[in-house]
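Listed here are the chains, written in short residue letters.
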Amino acid sequence: MIVFVATLCVMRLMGKRQIGEMQPYELVITLIIADLACIPLADHSIPLLYGLVAILSVYFLHQIICLLDLRFPAAKAVVSGVPSIVLNKNGIDDAELKKNNLDVSDLIESLRVEGYFALDAVEYALYEAGGTFSALPKKNYMDLQKSLPIVLIDEGKFDDKNVELTERDRQYYLDILKQNGCTLPRTLVMTVDGNGKAYLQEKGEKYRTVDLAWQKQLW
Amino acid sequence: MIKTIASIFITLGIIFGLAFYENNRVNNTFREFETVLTSLYNKTESGEVTYEDGTATERFWENKKNTLHIWLPHTAILEIDYQLYEAVGYLYVRDYQSALPKIEILLGMCENIPQSYRFSIENVL
């Protein structure tokens, strides 16, 4: 009970962010506190005081980092990281994604969670330092996502299951790439929606949308 | 900002205060116990010791160890219990030669235990 009350007090003193969105160092501190609180509970030979002092020391470190965060923006960038803009007006920023150990499918998934299904429906998208995802949609974003886009090429590799869904074969899409001056290995992403609107982006290039002029809506 | 700075100093004060108090408390307790044990050792060596001297040392330790449980791992205290009960057992059968090494071990523990849990760089690292 003493450890519970002490941990609760320390978590309350650390503020609301400890419970909701956390910076990397706050996650580390929370994990350490969870472990420290368990030691005197699990091992009866260790005095409770050892756990309490350890929790207090971690709280002390937290406050020091908080102070650095508030006073020195450079320290904040080192300790907490900086937001990472992974999608901008030119399309997906592949280098930024790699820097965060993410790939295109992770970005598409994050966008879908936010309610944006088409890559061209979003002006900017970024991963915050705390790991949350934010996206700024285009004004007419609802017009740009009338049908669900599916990924056909992800970092130079075909998704054959999705290609099959479009009732076309690889060669059809290789021809489209060729017509647009792209090659398969250099293609970062290619998506297509049920109306035949394709989103195509080469690595390090600006994205383009291509109307594939399909005769019927497929899905 | 002021709240954060204040909390840093308060926490630091509590940690150092506790460390200082623990250091003093443990040191004083073991110093007193060492004095009692030294007297028991001298009496045992000269053959003047009685079983009552042993039980008096036991009682002294029993009183002190209750508060030590707050500061020291219980295993360290158990180790002293074990050595002390054995030494007193030898005193009961008047086997002073066997009791002496046990009391010596206890005297060594009185020196080593406070050092092991002292607030110092070598113990922190």
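Residues numbered from 1 in each chain as written. Chains lettered and ligands numbered in written order. Predicted model: local features only at pLDDT ≥ 70, side-chain atom pairs only at ≥ 80, totals over all residues.

Asks: I'd like to hear about the sheet that holds strand 5 (residues 150-154) of chain A, residue by residue, with values.
Replies: The strands that make up a sheet pair up through hydrogen bonds in the backbone, lying either parallel or antiparallel. Residue and element names in this part refer to chain A. Across the sheet, 5 strands lie side by side as 6-5-7-8-9; this open sheet has antiparallel pairing. If you trace the sheet from one side to the other, it starts and ends with strand 6 (157-158) and strand 9 (208-211), each paired once. In the sheet, strand 7 (residues 187-192) pairs with strand 8 (residues 197-202) via 5 bridges, with the strands oriented antiparallel. Of the residues in strand 8, the one forming a bridge with Val192 is Ala198. The sheet strands contacting helix 6 (residues 104-114) are strand 5 and strand 7, and the helix crosses strand 5 at an angle near 160°. Packing of helix 9 (residues 170-179) onto the sheet brings it into contact with strand 5, strand 6, strand 7, strand 8 and strand 9, and relative to strand 7 it is tilted by some 115°. (Pairing = 2+ DSSP bridges. Helix = DSSP H or I, 4+ residues; strand = E, 2+ residues; numbered from the N terminus. Contact = placed C-beta atoms within 7 Å. Axes fitted to C-alpha atoms, helices over the stretch in contact; angles between N-to-C directions.)

Asks: Could you give an account of the interface of chain A and chain B, naming the residues involved and the relevant values?
Replies: Many authors give the size of an interface as the accessible area that is lost as the parts come together. The interface is formed by 16 residues belonging to chain A together with 17 residues belonging to chain B. For the side of chain A that touches chain B, the leading source of residues is helix 3 (residues 48-71) of chain A, giving 11 residues.

Asks: Explain the packing of helix 1 (residues 2-14) of chain A against helix 3 of chain A to me, using residue names and the numbers behind them.
Replies: Residue and element names in this part refer to chain A. Packing of helix 1 against helix 3 leaves a shortest axis separation of 10 Å and a crossing angle of 5°. On the basis of the axis angle, helix 1 is roughly parallel to helix 3. Touching Ile2, Val3, Ala6, Thr7, Val10, Leu13 and Met14 of helix 1 are Leu48, Gly51, Leu52, Ile55, Tyr59 and His62, all from helix 3. Each residue belonging to the contact of helix 1 with helix 3 can be placed in one class, and the counts come to 10 nonpolar, 3 polar and no charged. (Parallel < 35°, antiparallel > 145°, perpendicular 65-115°, else oblique. Nonpolar A, V, L, I, M, F, W, Y, C, P; charged D, E, K, R; others polar.)

Asks: An account of the sheet that holds strand 2 (residues 91-92) of chain A is requested, with residue identities and associated values reported.
Replies: Residue and element names in this part refer to chain A. Strand order in the open sheet formed by 4 strands is 2-1-3-4, with antiparallel pairing between adjacent strands. Edge positions in the sheet fall to strand 2 and strand 4 (133-137), since each of these pairs with one other strand and no more. The pairing of strand 3 (residues 122-127) with strand 4 spans 5 bridges and is classified as antiparallel. From the neighbouring strand, Tyr127 faces strand 4, where its bridge partner is Phe133. Contacting strand 1 (84-88), strand 2, strand 3 and strand 4, helix 6 crosses the sheet at an angle of about 70° to strand 4.

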